[in-house]
Amino acid sequence: MHPGFLPFAMPDIGEAEIESVVETLRSGWLTTGPKVRRFEEDFAEYVGCQHAVAVNSATAALHLALGAVGVQEGDEVLVPTMTFAATAEVVLYFKARPVLVDCRPETLNLDPDQLEKAITAKTKAIMPVHIAGQACDMDRILEIASDYDLRVIEDAAHALPARYREKMIGRIGDITCFSFYATKTITTGEGGMAVTENPEWAERMRIMGLHGISKDAWKRYTAEGSWYYEILYPGFKYNLTDIAAAIGIEQLKKCTHFWEVRQRYATLYNEGFQDVPAIITPYVAPEVQHAWHLYVIQLDLERLRIGRNEFIALLKQEGIGTSVHFIPLHLHPYYRDTFGYGPADFPHASFAFERIVSLPIYPKMTDADVQRVIDTVRSLVRRYRR
Ligand SMILES: Cc1ncc(COP(=O)(O)O)c(C=O)c1O
């Protein structure tokens, strides 16, 4: 590996997180308890929502959210093809069908026009994914949901803190799910949060996330608890630990600062590539506040003598880690073979996939790191331009 390798992503864990974890370890309470409650309260306040349910991944949150709004076997759920495995796989947990939808070419977000065309009598819900941290066209999506009586479960794994028309993501759809995976804008190692204004859905997610058991199980073993519990449904084991929440509480305090750093780096990248026609910088819609979880460029392949894969390999040789978000679901063997999807079914996602590269963007990077990425990309373009 290159001696000064710049990783694609890295968490920013400080002394406060380390002390908070040590304190939790010393407290004797490791699993779901007071730290998780506090993390949920702080998160609800930060986003401005009524109910926040902490779980051990965004995938778990999405699963619980679909269950809470009543997705069942045989239903259809509209999912963008430009997303990670998790968004669609949770639909399959119900023996329901994820119906894939193409993206808009400029934002890579779900295209509402294609969404509407995919609705059938079986459609139950829409799962908008705010790619890279840029909100989808939520006005159109909510309008379609209301016209066809569909629930909106937002995959906001990338979208903390993000806004759409001044409103925080987390206050828009029926249920919104966030991720605290190690590379996300704040982390608990692994973790997730489902937020909603609806107390019944919140309660249902709490119950199903802990074995379908009727009440705060963690209280059972404290002075205020009792041994008695009832299983209401066959649930899941999705609870977050207090050890993880101890990290989350401290990370959340830094969330706005982290975002400011990411935003500044995005601006440096935009300026750094302004006069490079082969590099198409991310389009940001005027009505959004972008979370900048990812900085996704698109290569203008007409202007280059190399393809995206070679571009990534050359950056790696120069010591710069990158990634691709995402390989659209319809190009994966499972979705291709099970549903018969092909590249031509989702032309925008298929086209973008050949061209997208995610560059490093995280608070632990320095301005010099960002400049190094800019210089390296520029020199590659100079070397390989047509
Ligand atoms: C768009 C999207 N949705 C969901 C997830 C799943 O998040 P988690 O790893 O917390 O389950 C990810 C994770 O990378 C993601 O990128």
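Given the structure is predicted, the values throughout are model-derived calculations rather than measurements.

1. Section: the pairing of strand β1 (residues 51-55)
Taking burial as the measure, the five residues of β1 include four buried ones, the bulk of the element. Direction of pairing for β1 relative to strand β9 (residues 192-196): antiparallel, over a ladder of five bridges. Its bridge partner being in β9, H51 is matched across the sheet by T196.

2. Examining the packing of aromatic side chains
Throughout the structure, instances matching the rule amount to 15 aromatic pairs. Residues Y269 and F273 carry aromatic rings whose centres are separated by 5.9 Å and whose planes lie at 10 degrees to one another, so their mutual orientation is stacked. Separated by four residues within a single helix, Y269 and F273 lie in helix α9 (residues 255-273), roughly one turn from each other. Classification of Y269 as buried rests on a relative accessible area of 0%. Ring centres of Y341 and F346 lie 5.1 Å apart, and the angle between their planes is 70 degrees; on these two criteria the pair is classed as edge-to-face. These aromatic residues form a ring-pair network of at least three members: Y334, Y335, F339, Y341 and F346.

3. Section: the pattern of salt bridges
For the coordinates displayed, the defined rule picks out 16 salt bridges. For R37, the salt bridge identified is with E40, shortest N-O distance 3.2 Å. Note that R37 and E40 are positioned in helix α2 (residues 34-47) at a spacing of three residues, about one turn of the helix. Across the pair D367 and R264 runs a salt bridge whose closest N-O atoms are separated by 2.9 Å.

4. Considerations on the sheet that holds strand β11 (residues 288-289)
Pairing in this open sheet of three strands is antiparallel, and the strands run β7-β6-β11 from one edge to the other. Since the sheet does not close on itself, it has two edges, and those belong to β7 (167-168) and β11, each with one partner. Examined bridge by bridge, strand β6 (residues 163-164) and β11 share two bridges and lie antiparallel to one another. Counted as the bridge partner of Y164 is V288 from β11.

5. A closer look at helix α8 (residues 242-253)
Under the 1.5 Å per step criterion, the end-to-end length of α8 is 17 Å for 12 residues, consistent within 8% with the ideal 16 Å. Restricting attention to buried positions, one finds in α8 the residues D242, A244, A245, A246, I247, G248, I249, E250, Q251 and L252. Buried residues belonging to α8 abut α1 (15-27), α2 and α9.

6. Here's the deal with the side chain of D242
With respect to the helices and strands, D242 occurs in helix α8. No salt bridge is formed by the buried D242, whose closest oppositely charged neighbour, K35, lies at an N-O distance of 5.9 Å. Beyond its immediate chain neighbours, meaning those up to four positions away, D242 contacts T24, W29, L30, T31, T32, G33, P34, K35 and V36.

7. Brief notes about the site of the ligand
The local shell around the ligand holds 15 residues, among which A58, T59, D155, S179 and K184 are the closest. The backbone of A58 places a nitrogen or oxygen atom 2.8 Å from an oxygen atom of the ligand. Within the side chain of D155, a nitrogen or oxygen atom sits 2.6 Å from a nitrogen atom of the ligand. In the complex, the protein chains occlude 92% of the 390 Å² of accessible area that the ligand would expose alone. Elements with a contribution of two residues or more to the shell around the ligand: α3 (58-68) and α4 (85-92). Tallied by class, the residues present in the shell around the ligand amount to six nonpolar, seven polar and two charged.

8. Brief notes about the environment of R372
Mapped onto the secondary structure, R372 falls in helix α13 (residues 367-384). Taking the relative accessible area as the measure of exposure, R372 reaches 24% and is therefore partly exposed. Placed 174 residues apart in sequence, R372 and N198 show a C-alpha to C-alpha distance of 47 Å. Non-local contacts of R372, meaning those with residues more than four positions away in its chain, are made with H2, G4, L6, E318, G319 and I320. A polar side-chain atom of R372 sits 2.9 Å from the main-chain carbonyl oxygen of G4. Among the polar contacts listed, one links the side chain of R372 to the backbone oxygen of G319, at a separation of 3.1 Å.

9. Considerations on the pairing of strand β2 (residues 76-80)
The buried fraction of β2 is high, at five of five residues. In β2, alternate side chains face the same way, and those of E76, L78 and P80 on one face and V77 and V79 on the other are all buried. The pairing of β2 with strand β3 (residues 97-101) spans five bridges and is classified as parallel. Within β3, the position partnered with E76 by the bridge is R97. Chirality of the crossover, the property in question, places the unit of β2, α4 and β3 among those that are right-handed. As defined by bridge partners, β2 adjoins strand β4 (residues 123-126) across three bridges and the pair is classed as parallel. What sits directly across from E76, in β4, is T123.

10. Quick notes on unusual backbone geometry
Following L160, the chain continues into P161 via a peptide bond in cis, with omega recorded as -10 degrees. Residue placement: P161 occurs in the loop between β5 (151-155) and β6. In this model, H325 is joined to F326 through a cis peptide bond whose omega is 5 degrees. Relative to the helices and strands, F326 resides in the loop between α10 (308-317) and α11 (333-339). Its identity as a non-glycine residue notwithstanding, R165 has a phi of 45 degrees, on the positive side. The topology assignment puts R165 in the loop between β6 and β7. For R165, a relative accessible area of 46% puts it in the partly exposed group. For W292, which is not glycine, the phi dihedral falls at a positive 55 degrees. Judged by relative accessible area, which is 6%, W292 ranks as buried.

Thresholds applied
- Residues numbered from 1 in each chain as written.
- Predicted model: local features only at pLDDT ≥ 70, side-chain atom pairs only at ≥ 80, totals over all residues.
- Heavy atoms only, no water.
- Buried < 20%, exposed > 50% of the residue type's maximum accessible area, 1.4 Å probe, protein only.
- Helix = DSSP H or I, 4+ residues; strand = E, 2+ residues; numbered from the N terminus.
- Pairing = 2+ DSSP bridges.
- Phe/Tyr/Trp six-rings, centres within 6.5 Å; stacked < 30°, edge-to-face > 60°.
- Salt bridge = Lys/Arg side-chain N within 4 Å of Asp/Glu carboxyl O.
- Expected span 1.5 Å × (residues − 1).
- Contact = heavy atoms within 4.5 Å.
- Lys, Arg positive; Asp, Glu negative; His and termini not counted.
- Near = heavy atom within 4 Å.
- Polar contact = N/O pair within 3.5 Å; in protein donor to acceptor, adjacent residues only side chain to side chain.
- Areas by Shrake-Rupley, 256 points an atom, 1.4 Å probe, with all protein chains shown as cover.
- Nonpolar A, V, L, I, M, F, W, Y, C, P; charged D, E, K, R; others polar.
- Right-handed = clockwise from strand over helix to strand, strands pointing away.

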